[in-house]
Amino acid sequence: MKSELRFKLQASSFKLQGIRNQELATRNPVPSNNQQLTTNNSNFPIGGIILAGGQSRRMGTNKALLRLEPDGPTIIEKVVAALQEVTSEILLVTNQPQIYEWLDLPMVGDNYQVGASLAGLEAGLSASKYEHNLVVACDMPYLNPELLRYLLNYVEQYAAIVPVGPDEQLETLCAVYSRQCLTAIRAKLAQGQYKMAGWLDEVNSYRVPTEELEKCEPDLRSFVNLNTPAELEHFKHF
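Residues numbered from 1 in each chain as written. Predicted model: local features only at pLDDT ≥ 70, side-chain atom pairs only at ≥ 80, totals over all residues. Heavy atoms only, no water.

*Asks:* Please clarify how the pairing of strand β7 (residues 205-208) should be interpreted in this entry.
*Replies:* As a general feature of sheets, a regular strand has side chains that alternate between the two faces. Burial along β7 is two-sided: S205 and R207 facing one way and Y206 and V208 facing the other are all buried. Here strand β5 (residues 160-163) runs beside β7; their pairing, made up of four bridges, is parallel. Of the residues in β7, the one forming a bridge with P163 is V208. (Buried < 20%, exposed > 50% of the residue type's maximum accessible area, 1.4 Å probe, protein only. Helix = DSSP H or I, 4+ residues; strand = E, 2+ residues; numbered from the N terminus. Pairing = 2+ DSSP bridges.)

*Asks:* Looking at this structure, how should I read the pattern of salt bridges?
*Replies:* Pairs may arise between side chains of opposite charge once their charged atoms sit close together. Counted under the stated rule, the structure contains seven salt bridges. Ionic pairing is found between K129 and E89, a salt bridge with its closest N-O pair at 3.1 Å. You can see K129 sitting in the loop between α4 (117-127) and β4 (132-137) and its partner E89 sitting in strand β2 (residues 89-93), a full 40 residues away along the chain. Residue classification places E89 among the partly exposed positions, given a relative accessible area of 30%. Between R221 and D219 there is a salt bridge whose closest N-O contact spans 2.7 Å. Owing to a relative accessible area of 29%, R221 belongs among the partly exposed residues under this scheme. A residue is classified by how much of its surface remains accessible, and D219, at 16% relative accessible area, is buried. (Salt bridge = Lys/Arg side-chain N within 4 Å of Asp/Glu carboxyl O.)

*Asks:* I would appreciate a short explanation of the confidence of the model for the chain in the present structure.
*Replies:* Should pLDDT be low for a region, the predicted coordinates there are not to be read in detail. Here the chain averages 83 in pLDDT, while 77% of its residues score no lower than 70. Across residues 1-39, where pLDDT falls below 50, the model places 74 contacts with residues more than four positions away in sequence or in other chains. (pLDDT = per-residue confidence, 0-100. Contact = heavy atoms within 4.5 Å.)

*Asks:* Sorry if this is basic, but what is going on with the packing of α4 against helix α6 (residues 182-190) here?
*Replies:* A pair of packed helices is characterised by two quantities: the angle between their axes and the separation of those axes. The interhelical angle for the contact between α4 and α6, taken along N-to-C directions, is 145 degrees, at an axis separation of 10 Å. The element α4 and its partner α6 pack so that their crossing is left-handed. Across the interface between the two elements, L118, A119, L121, E122, L125 and S126 from α4 touch L182, I185, R186, K188 and L189 from α6. (Axes fitted to C-alpha atoms, helices over the stretch in contact; angles between N-to-C directions. Left-handed = near helix turned anticlockwise from the far one by under 90°.)

*Asks:* Can you help me understand the nonpolar core in this one?
*Replies:* Ranked by size, the top nonpolar core spans 38 residues in total, and within it I50 and I161 carry the most contacts. Mapped onto this core, the elements with two or more residues apiece are β1 (46-51), α3 (75-84), β2, β4, α5 (145-151), β6 (174-178) and β7. When residues of this core are assigned to their parent elements, the largest contribution, five residues, is made by α3. If sequence neighbours within four positions are ignored, I161 has contacts with L151, Y154, V155, A175, V176, Y206 and V208. In terms of nonpolar packing, the next biggest core, distinct from the first, is built from 25 residues, I49, V93, L125 and A159 among them. (Core = buried A, V, L, I, M, F, W, Y, C linked by side-chain atoms within 4.5 Å.)

Dropping the structure here:
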């Protein structure tokens, strides 16, 4: 999410302007009226995957271990707590397992040593024993279990379920992926193409429109991630 939008955090900043283009409208059919907004209607068990492989260059220290309050939980603990409400088991993807041993979570490292989130996604899906997995980044302190549950409504229909964020950016690090995506992901990695959204058109994917998500969470704070000391200080007072 762009810093400007993060710092404003006003509902008006999150409204999409104008009419969505025809391609997005075609890919994102309106859900049926009888679909419950906040209920996971799937009968499938869901795995949780946290990607903790970033180098936190802009923050200058490991973002996942920071706290918004001096005596409060670390950011990664907040992420774990949110996932525990909606998934059957959580897997942590990291190339530095010694840092996170205290979380007592199963861990796995990247199979492709390219320093990209896409490699972390591949590692997580490869190691997961669940067909469908809710994948999030380790630096998202405001994840809302209600919004996460809503994404799971589509697991029986799509291999990838990716929210469209408030700036029309695909929130690929807060999304649901099936292990069916692995073939497309591995092909991109083998080609040296590491964009998180670069393979989505090759699988049956659903881009969840912003206005649909706002029914669960009007300000869409779930997509806030912290990248700089200034952002961290701002949200300490949020």
